[in-house]
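In case you want the letters, here they are:
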Amino acid sequence: MLNSTREHGTLAVTANLSPTIRGRSCGAQAQKRIRRGRRETVNKAKADPIWKLMGLLFQSHPWHGVPIGDDWPDIVTAYVEIVPTDTVKYELDKTSGLLKIDRPQRFSNVCPSNYGLVPQTYCGEKVAELFGKRSGRSGIVGDGDPLDICVLSDRTISHSNLLLKAIPIGGLSMLDGEEADDKIIAVMEGDVVYGLWRDVSECPRSVVDRLTHYFLTYKQAPGSETTKCEITGVYGREAAHEVIRAAHDDYLARFADIEEVLAAEL
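Read on for an overview of the structure. (Residues numbered from 1 in each chain as written. Predicted model: local features only at pLDDT ≥ 70, side-chain atom pairs only at ≥ 80, totals over all residues. Heavy atoms only, no water.)

Here we take up the overall build of the protein chain. In terms of helices and strands, the protein chain carries 6 helices and 12 strands. A total of 266 residues make up the protein chain; the buried ones form 43% of that total. For the protein chain, the computed accessible surface area is about 14300 Å², with 52% contributed by carbon and sulfur atoms. (Helix = DSSP H or I, 4+ residues; strand = E, 2+ residues; numbered from the N terminus. Buried < 20%, exposed > 50% of the residue type's maximum accessible area, 1.4 Å probe, protein only. Areas by Shrake-Rupley, 256 points an atom, 1.4 Å probe, with all protein chains shown as cover.)

Here it is, written out as structure tokens:
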């Protein structure tokens with residue numbers, strides 16, 4: 001839930017950090033009706049000229065202000081934070097919505113694909129529950145970040161901080177400590193080499209091996225025999241869709257009222 005106050009003529013929006021879903025005891029159909037009513041309220045508000053003016057004056061936050069996609073989970077929006085030629089690790093600053101430098105790449109490993117996040121997703125309870133079922137592990141929690149996505153493309157993208165349409169074909173079940181940190185594997189829509197793949201089983205094994213090796217070693221210092229990360233398995237398209245749905249549900253639970261608060265204040 002979000003609380004809002006006006007301070008010095010500006011809108012201050014703060015997130016309630018509790019993951020409790022208002023109306024959790026409602027049935028599935030009741031919750032769908034509630035979400036439908038919220039969308040109708042927001043859509044009416046967005047027809048207001050003020051909303052349109054805001055779209056012209058301000059850049060959308062890549063996590064909260066960009067839609068997950070009209071045809072999700074078959075095709076999702078991906079916000080690219082890193083491309084394979086980057087020598088520093090960029091990541092989204094979740095507060096400002098700007099791309100920031102997290103750290104220089106200390107070692108020689110290079111991200112083998114375009115890498116970023118799926119807007120309006122959050123790795124929370126449902127993502128962790130799915131991970132536990134797949135891996136047979138208990139005590140797993142979500143990492144509290146947007147869902148990560150690796151986008152394969154034949155064409156070199158020269159820089160990050162951009163949006164593209166991606167077709168999920170599978171994913172890596174990755175643990176970072178005791179946190180579920182799934183990596184969705186996708187192909188860029190329209191790509192002439194990879195764009196026809198629809199399941200990770202269609203990829204050459206070497207493509208998946210490169211991704212797996214990168215995520216197992218990118219935090220590992222040379223000479224170290226232990227790694228913080230573990231990949232418990234590789235899954236296909238249908239399982240990837242389940243993870244995306246779970247991550248979007250976790251997002252709605254965590255940030256359920258964000259658009260309603262803005263619509264009411266405007």
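From this point, the narrative continues.
What follows covers the environment of Arg155. Locating Arg155 in the fold gives a position in the loop between β8 (148-152) and β9 (162-176). Each C-alpha atom, one on Arg155 and one on Met188, is 9.6 Å from the other, the two residues being 33 residues apart in sequence.

Within soluble globular proteins, side chains that are nonpolar generally end up buried alongside one another. Leu147, Ile149, Val151, Leu164, Ala166 and Ile184 are the most contacted members of the largest nonpolar core, which has 29 residues in total. Those elements giving two or more residues to this core turn out to be β3 (76-82), α3 (125-135), β8, β9, β11 (183-188) and α5 (237-254). Examining the composition of this core, we find that 5 residues originate from one element, α5, more than from any other. By size, the runner-up hydrophobic cluster in this structure holds 22 residues, among which are Met174, Trp197, Phe215 and Tyr218. (Core = buried A, V, L, I, M, F, W, Y, C linked by side-chain atoms within 4.5 Å.)

Another aspect to go through is the packing of α3 against α5. Relative to each other, α3 and α5 sit at 150°, their axes nearing to 7 Å. One finds that α3 runs roughly antiparallel with respect to α5. On α5, the residues that touch Glu125, Lys126, Val127, Leu130 and Arg134 of α3 are Glu242, Val243, Ala246, Ala247, Asp249 and Asp250. Considering only residue class, the contact of α3 with α5 consists of 5 nonpolar, no polar and 6 charged. (Axes fitted to C-alpha atoms, helices over the stretch in contact; angles between N-to-C directions. Parallel < 35°, antiparallel > 145°, perpendicular 65-115°, else oblique. Contact = heavy atoms within 4.5 Å. Nonpolar A, V, L, I, M, F, W, Y, C, P; charged D, E, K, R; others polar.)

What follows is about the state of the cysteines. Inspection of the entire model under this criterion finds 0 disulfides. Here Cys150 stays free of any disulfide, with the sulfur of Cys111 as its closest cysteine sulfur at 6.1 Å. (Disulfide = S-S within 2.5 Å.)

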